[in-house]
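Listed here are the chains, written in short residue letters.
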Amino acid sequence: MPNPKHITERIFQGPQKYIQGPNAIKNSGQYLKALGKKPLLTVDDNVYEIAGKNLISVLEKNGFTIHRARFRGEASVKEIDRLTVEAKDAQVDFVIALGGGKTIDTSKAIANHLGVPIAVMSTTASTDAPCSALSVLYSEEGLFESYRFYQWNPNLVLVDTSVVINAPPRMLAAGIGDALATNVEARQARYSVNFGGGMPTELAGAVCRTCEGTLFRYGKQAYEANKTRSLTPAFEAVVEANTLLSGLGFETGGIAAAHAIHNGFTAIEAMHGLMHGEKVAFGIVCQLILDGADTAELERYIDLMLSVDLPITFELLGIPKVTDAELRAVAKAACAPTETIWNMERAINEDIVFHAIKGADTASREFIRRTGWRKSA
Ligand SMILES: [Zn+2]
């Protein structure tokens, strides 16, 4: 249902500052000092060991007093409320999110509750959560629940690529899946209201196209570089595509069926071990099928996604025996009234989406059979 309220304003929004490079944490004091002196540092135990200790020692040398909050793993209302109370007691004056998408989305909600600035420091390039003024919230069991929107985007997004290069290549691939959806979805959503509440600008379209072009040029090369921890220009380019370009692109360009179908798949328990971008990748194939993309166009995307080992068949998703009844439930959830699938310009209903999901698996399987693709080592 593109633009049912006849909104005429074009809106583009983004973080105030984006910094990316191999020394970003080492140099972070100079950027963070504009935000305050007493940050809440939201970080899970794993990332604390990998990057948290180092960040704390850098910041303490720069005169900051850090209150460390232990993030327990799910971007749920309960976790947000728990950490907000902790932050209030500690009287922090800004928030630092250190970690992946769920840590970031939780921290944005905390900063919003407190009315203080937020710096997002991504330790992976696995989602496009860092730059946006919204959080995706899940139940404590990991089911998609809702989007929460904020007045402002993060004040600062800082990506230390010397940390990101040490994350498993699977995370970069998931980020590629999420980022590859950006242009595919924005093309469909170009007459729909974006996440800023306005219409997409020309710049949003350019950002989305650049995002996609970067992934086709460098995605595979960056994935391979990640395996040997080689911090190459291709890797830097893909980190930027996954984080900045995809972040600006989805927020101001809009999303459509790929993410709605992803949200539907969160209802299948057997897929809970998969990353956001891995499910979105399959959603891309579904959306292209839904949109009647021709074979050459469809296979261009399938080829790129398989080249970085994204799971775009039922078997690769770990649900080889998924039933029609389960897929119908996914289609039903994807077609919820509040879903972004209604940004599609095509006719949509549960039945059409159910068949597109089956068609996506069929198309990817056929491509694999014909090309002899095998998961890389
Ligand atoms: Zn996404």
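Parameters and conventions
- Residues numbered from 1 in each chain as written.
- Predicted model: local features only at pLDDT ≥ 70, side-chain atom pairs only at ≥ 80, totals over all residues.
- Heavy atoms only, no water.
- Helix = DSSP H or I, 4+ residues; strand = E, 2+ residues; numbered from the N terminus.
- Rg over C-alpha atoms; globule rule 2.2 N^0.38 Å.
- Buried < 20%, exposed > 50% of the residue type's maximum accessible area, 1.4 Å probe, protein only.
- Contact = heavy atoms within 4.5 Å.
- Areas by Shrake-Rupley, 256 points an atom, 1.4 Å probe, with all protein chains shown as cover.
- Lys, Arg positive; Asp, Glu negative; His and termini not counted.
- Charge placed at Lys NZ, Arg CZ, Asp CG, Glu CD.
- Donors = N, O, S within 2.8 Å, 3.2 Å for Na, K, Ca; no water.
- Salt bridge = Lys/Arg side-chain N within 4 Å of Asp/Glu carboxyl O.
- Pairing = 2+ DSSP bridges.
- Domains from an automatic or database assignment.
- Buried area = accessible area lost by both parts, 1.4 Å probe.
- Polar contact = N/O pair within 3.5 Å; in protein donor to acceptor, adjacent residues only side chain to side chain.
- Nonpolar A, V, L, I, M, F, W, Y, C, P; charged D, E, K, R; others polar.
- 1 Å grid on protein atoms, 1.4 Å probe; cavity = no way out; pocket = protein on both sides within 12 Å on 5 of 7 lines; lining within 4 Å.
- Points joined across faces, edges and corners; volume = space filled by probe spheres on them.

## Comments concerning the overall build of the chain
Secondary structure assignment for the chain yields 13 helices and 8 strands. Taken over C-alpha atoms, the radius of gyration comes to 20 Å for the chain, in line with the 21 Å a tight globule of 377 residues would show. Principal-axis analysis of the C-alpha atoms gives the chain an extent of 60 × 50 × 40 Å. For the chain, the proportion of its 377 residues judged to be buried stands at 58%. Contacts in the chain between residues far apart in sequence, at least 24 positions, make up 80% of those at least 6 positions apart. Surface exposure of the chain reaches about 15600 Å², of which carbon and sulfur atoms provide 52%. Averaged over its 38 positive side-chain charges, the chain has a centre that lies 4 Å from the centre of its 42 negative ones.

## Considering the coordination of the zinc ion
Note on the zinc ion: its protein donors are Asp-178 (OD), His-259 (NE2) and His-276 (NE2). The metal-donor distances range over 2.1 Å. For Asp-178, a relative accessible area of 1% puts it in the buried group.

## Quick look at the pattern of salt bridges
Using the criterion set out here, one finds 23 salt bridges in the structure. As a salt-bridge pair, Glu-212 and Arg-300 come within 3.7 Å of each other at their nearest N and O atoms. With a gap of 88 residues between them, Glu-212 in helix 7 (residues 202–227) and Arg-300 in helix 11 (residues 295–307) connect regions that are remote in the sequence. Assessed through its relative accessible area of 9%, Glu-212 is described here as buried.

## Overview of the pairing of strand 7 (residues 144–149)
Here strand 6 (residues 134–138) pairs with strand 7 via 5 bridges, running antiparallel. Looking at the pairing, Leu-134 lines up with Phe-149 of strand 7. Linkage of strand 6 to strand 7, two consecutive antiparallel strands, is achieved through a turn of 5 residues, within which Gly-142 is found at a positive phi near 90°.

## Quick notes on the domain arrangement of the chain
When cut into domains, the chain gives domain 1 (17–164) and domain 2 (181–371). Opposite the 26 residues of domain 1 that make contact, domain 2 presents 23 residues. Summing the contributions of domain 1 and of domain 2, the shared interface buries around 2000 Å²; its carbon and sulfur component is 62%. The tally of links from domain 1 across to domain 2 stands at 0 salt bridges. Counting the contacts that link domain 1 with domain 2 gives 9 residue pairs in polar contact (both at pLDDT 80 or more). Secondary-structure elements contributing two or more residues to the side of domain 1 that touches domain 2 are strand 1 (17–21), strand 6, strand 7 and helix 5 (161–164). Of the residues belonging to the side of domain 1 that touches domain 2, the class tally is 14 nonpolar, 10 polar and 2 charged.

## A look at empty space enclosed by the protein
All told, the structure shown has 1 cavity of 30 Å³ or more when counted by the stated rule. Space inside the largest cavity adds up to approximately 40 Å³. Looking at the largest cavity, the residues that line it are Gly-100, Gly-101, Ile-104, Ser-122, Thr-124, Ser-126, Thr-127 and Pro-130. When the residues that make up the lining of the largest cavity are grouped by side-chain class, the tally is 2 nonpolar, 6 polar and no charged.

## Thoughts on the layout of surface pockets
The space that makes up the largest pocket amounts to roughly 990 Å³. In this structure, the largest pocket is lined by 47 residues; those nearest its centre are Gly-101, Lys-102, Ser-126, Thr-127 and Met-275. Secondary-structure elements contributing two or more residues to the lining of the largest pocket are helix 2 (45–61), helix 4 (101–114), strand 6, helix 6 (169–188), helix 9 (257–265) and helix 10 (276–290). For the lining of the largest pocket, the residue count by class is 17 nonpolar, 21 polar and 9 charged.

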